[in-house]
Amino acid sequence: MIHTFDCLGHSFLLDVESGSVFIVDSLTKALVENLNSPVDYSRGEFSRYTTEEIEEAKSELDELIKEGVLDSAEPEHKKAEYNGVIKAMCLNISHMCNLRCEYCFADGGSYSGKMMNMSYEVAKKAIDFLIEKSGHRRNLEVDFFGGEPLLNLDVVKQTVAYARSIEKEKNKNFRFTITTNAVLLDDETIDFFNEEMYNVVLSIDGRKEVHNCVRKTATGEGSYDLAMQNALKFKQKRVGQYYIRGTYTALNKDFSKDVLYLNDCGFDQISIEPVVLPDTHRLALKKSDIPELIAEYETLVKEYFERRKTDKWFNFFHFMIDVYHGPCETKRLVGCGAGNEYVAVAPNGDIFPCHQFDGDGNYKLGNVLEGTFDTTLPEHFAKNNLLCKEDCRKCWAKYYCSGGCAANAIHYCGDINKPYKMTCELMRKRIECAIAVNSLENLK
Amino acid sequence: MKHIKVVAKSTICRDKHTGCGECQSSCQSACKTSCTVGNQSCEQQKINRNEKVDER
């Protein structure tokens with residue numbers, strides 16, 4: 001399968017199975033698009049070219065096809081097997097939140113359950129559980145999530161200290177990450193993050209009016225001023241990875257302005273993602289919005305590409321595909337690993353396939369306090385990888401998105417093997433932009 | 001080649017040493033709703049793509 005597309009004034013070929021990428025002229029692109037159909041070269045778009053030019057371009061394509069880097073066949077894949085290894089954990093350290101964001105999938109942090117913080121006892125057991133299940137994997141990831149993790153900062157610190165105290169003895173390397181709304185972020189916490197957090201994600205949606213419209217405090221006030229003030233202080237002191245991570249909704253379909261605004265504020269690591277909500281929600285993005293959203297990504301990628309040549313260089317999370325050093329095929333087939341190598345733990349110790357299943361009794365896998373863990377669902381999640389998703393197997397973007405989010409598939413399509421199509425087209429557009437930027441920057 | 005510029009060839013690694021699983025889980029990176037694995041990096045060929053590199 002070959003995917004052709006135009007971006008940033010160039011035409012690209014992506015050989016799906018090999019991952020090869022080429023920049024081509026319009027003649028070559030047209031030849032590829034007609035590769036398996038009879039063509040009268042004296043008519044239509046081909047009539048602009050001489051026979052010599054056409055033969056030359058065909059010969060170049062043939063060379064690549066012979067080499068196996070174009071129009072390559074789907075290889076035999078390794079069989080998906082469940083090995084029981086868990087390497088990443090989302091610790092929902094608090095089911096409480098100081099904000100009431102209108103699009104929150106966690107229902108104000110409580111995940112439709114009791115508002116509570118995780119105790120140190122539960123967190124410690126969760127770390128022990130992760131180590132026990134991690135097999136020979138050395139790198140273990142723990143993401144402090146919520147709710148708002150800073151509402152339970154003492155337990156975050158105790159948990160990190162505990163994991164650090166045993167990681168050498170257990171031959172593990174913990175990578176901690178944290179996602180916070182930044183409202184409670186102070187100097188001492190920033191210093192702690194710099195010492196211990198491999199990555200820090202700060203939730204800010206962009207322009208003040210956009211942010212304040214949906215990210216409000218419990219008393220209904222916009223949270224922008226505090227969040228932004230603290231985020232700027234954080235950025236100045238940050239040592240290590242971070243992201244300013246926002247969500248765009250039906251209210252800001254011109255989200256490229258938010259991305260660029262955040263860059264103008266001084267941030268250089270930015271992620272703004274589409275909201276995922278039922279169609280009936282006032283903030284939901286609808287199928288009819290897709291053309292507008294795709295046009296917005298086109299606007300963004302042009303400005304992004306230009307800014308990266310200047311002192312306003314920045315990194316947009318969804319445009320950062322590296323065509324040279326991407327993940328191996330195994331990773332591309334498995335995807336996020338939810339329910340299999342990645343789990344979430346709720347404040348009461350319940351284990352779920354990922355943070356988006358927290359509180360859903362149908363998806364409870366066990367409990368770290370009780371020492372229970374049923375592998376029936378993890379086996380199901382492990383076996384249902386990209387190769388089981390019929391629609392995805394035919395899609396050119398399959399090795400980049402891996403079949404999409406398992407939780408979205410289950411929650412919005414009722415089947416882990418049915419991709420949530422609302423996000424597919426946006427995903428494909430982002431991947432095209434990412435490949436184009438990376439290709440052009442590397443060819444310079 | 002006159003009509004084609006090669007950007008990258010055969011980038012999806014399938015050799016027997018792959019699948020070590022030491023790389024980051026995509027949901028742990030920045031997103032929690034719309035992950036892609038394509039923008040992750042292989043732990044064995046780790047480079048920091050979050051930083052500007054002038055001398056490409």
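See the structure above.
Remember, predicted model here, so these are calculated numbers, not experimental data.

Participant: Teacher, can you tell me more about the overall build of chain A here?
Facilitator: When its secondary structure is counted, chain A shows 15 helices and 14 strands. Within chain A, the fraction of its 444 residues that count as buried is 59%. Taking as baseline every contact in chain A between residues at least 6 positions apart, the subset at least 24 positions apart corresponds to 70%. The average position of the 54 basic charges and that of the 68 acidic charges among the side chains of chain A differ by 3 Å.

Participant: Quick question: what am I supposed to make of the pattern of salt bridges here?
Facilitator: Here the structure, examined in full by the defined rule, presents 37 salt bridges over all chains. One salt bridge connects arginine 393 of chain A with glutamate 74 of chain A, and the closest N-O pair in it is separated by 2.8 Å. One end of the pair, arginine 393 of chain A, is in helix H12 (residues 390–393); the other, glutamate 74 of chain A, is in the loop between helix H2 (51–67) and strand E4 (88–92), and 319 residues separate them in sequence. Looking at arginine 393 of chain A, the relative accessible area reads 28%, which means it is partly exposed. Residue glutamate 329 of chain A is joined to arginine 14 of chain B by a salt bridge in which the shortest nitrogen-to-oxygen separation is 2.6 Å. Of this pair, glutamate 329 of chain A sits in helix H10 (residues 329–334) while arginine 14 of chain B is found in the segment after strand E1 (4–8), placing the two residues in two different chains. Owing to a relative accessible area of 27%, arginine 14 of chain B belongs among the partly exposed residues under this scheme. Because the salt bridges share partners, they merge into one network encompassing Glu17, Glu74, Glu329, Arg393 and Lys398 of chain A together with Arg14 of chain B.

Participant: What should I look at first to understand the sheet that holds strand E11 (residues 342–345) of chain A in this one?
Facilitator: Neighbouring strands of a sheet are bound in pairs by backbone hydrogen bonds; such pairs are parallel or else antiparallel. Residue and element names in this part refer to chain A. Across the sheet, which stays open at both edges, the 11 strands sit in the order E10-E9-E8-E7-E6-E5-E4-E11-E12-E13-E14 with mixed pairing between neighbours. Whereas interior strands pair on both sides, the edge strands pair on one side only; in this sheet they are strand E10 (315–316) and strand E14 (372–373). Direction of pairing for strand E12 (residues 350–352) relative to strand E13 (residues 366–367): antiparallel, over a ladder of 2 bridges. When the sheet's bridge partners are listed, aspartate 350 is paired in E13 with asparagine 367. Helix-sheet contacts for helix H4 (residues 153–167) involve E4, strand E5 (139–145), strand E6 (173–180) and strand E7 (197–203), and the interaxial angle to E6 is about 165°.

Participant: Please clarify how the sheet that holds strand E1 (residues 2–7) of chain A should be interpreted in this entry.
Facilitator: The strand order E1(A)-E2(A)-E3(A)-E1(B) describes an open sheet built from 4 strands, whose pairing is antiparallel. The open sheet has two free edges, formed respectively by E1 of chain A together with E1 of chain B, since each of these has just one partner strand. In this sheet, adjacent strand axes meet at a mean angle of 25° when their direction is disregarded. Pairing of E1 of chain A with strand E2 (residues 10–15) of chain A involves 6 bridges; the strand directions are antiparallel. Residue histidine 3 of chain A lies in a different strand from E2 of chain A, and its bridge partner there is leucine 14 of chain A. Taken strand by strand, helix H1 (residues 26–33) of chain A contacts E1, E2 and strand E3 (20–24) of chain A together with E1 of chain B, and its axis lies near 145° from that of E1 of chain A.

Participant: I tried to follow the interface of chain B and chain A on my own but got confused; where do I start?
Facilitator: Accessible area lost during the coming together of the parts is what is often quoted as the interface size. The interface of chain B with chain A comprises 49 residues on the first partner and 85 residues on the second. The contact between chain B and chain A buries some 6000 Å² in all, and 50% of this surface belongs to carbon and sulfur atoms. Residues arginine 14 of chain B and glutamate 17 of chain A are paired through a salt bridge, measuring 3.6 Å at the closest nitrogen-oxygen approach. Seen at the junction of chain B and chain A, the total is 26 residue pairs in polar contact (both at pLDDT 80 or more). Partitioning the side of chain B that touches chain A into residue classes produces 16 nonpolar, 20 polar and 13 charged. Sheet topology note: the E3 of chain A/E1 of chain B ladder contains 4 bridges and is antiparallel.

Analysis parameters
- Residues numbered from 1 in each chain as written.
- Chains lettered and ligands numbered in written order.
- Predicted model: local features only at pLDDT ≥ 70, side-chain atom pairs only at ≥ 80, totals over all residues.
- Heavy atoms only, no water.
- Helix = DSSP H or I, 4+ residues; strand = E, 2+ residues; numbered from the N terminus.
- Buried < 20%, exposed > 50% of the residue type's maximum accessible area, 1.4 Å probe, protein only.
- Contact = heavy atoms within 4.5 Å.
- Lys, Arg positive; Asp, Glu negative; His and termini not counted.
- Charge placed at Lys NZ, Arg CZ, Asp CG, Glu CD.
- Salt bridge = Lys/Arg side-chain N within 4 Å of Asp/Glu carboxyl O.
- Pairing = 2+ DSSP bridges.
- Axes fitted to C-alpha atoms, helices over the stretch in contact; angles between N-to-C directions.
- Buried area = accessible area lost by both parts, 1.4 Å probe.
- Polar contact = N/O pair within 3.5 Å; in protein donor to acceptor, adjacent residues only side chain to side chain.
- Nonpolar A, V, L, I, M, F, W, Y, C, P; charged D, E, K, R; others polar.

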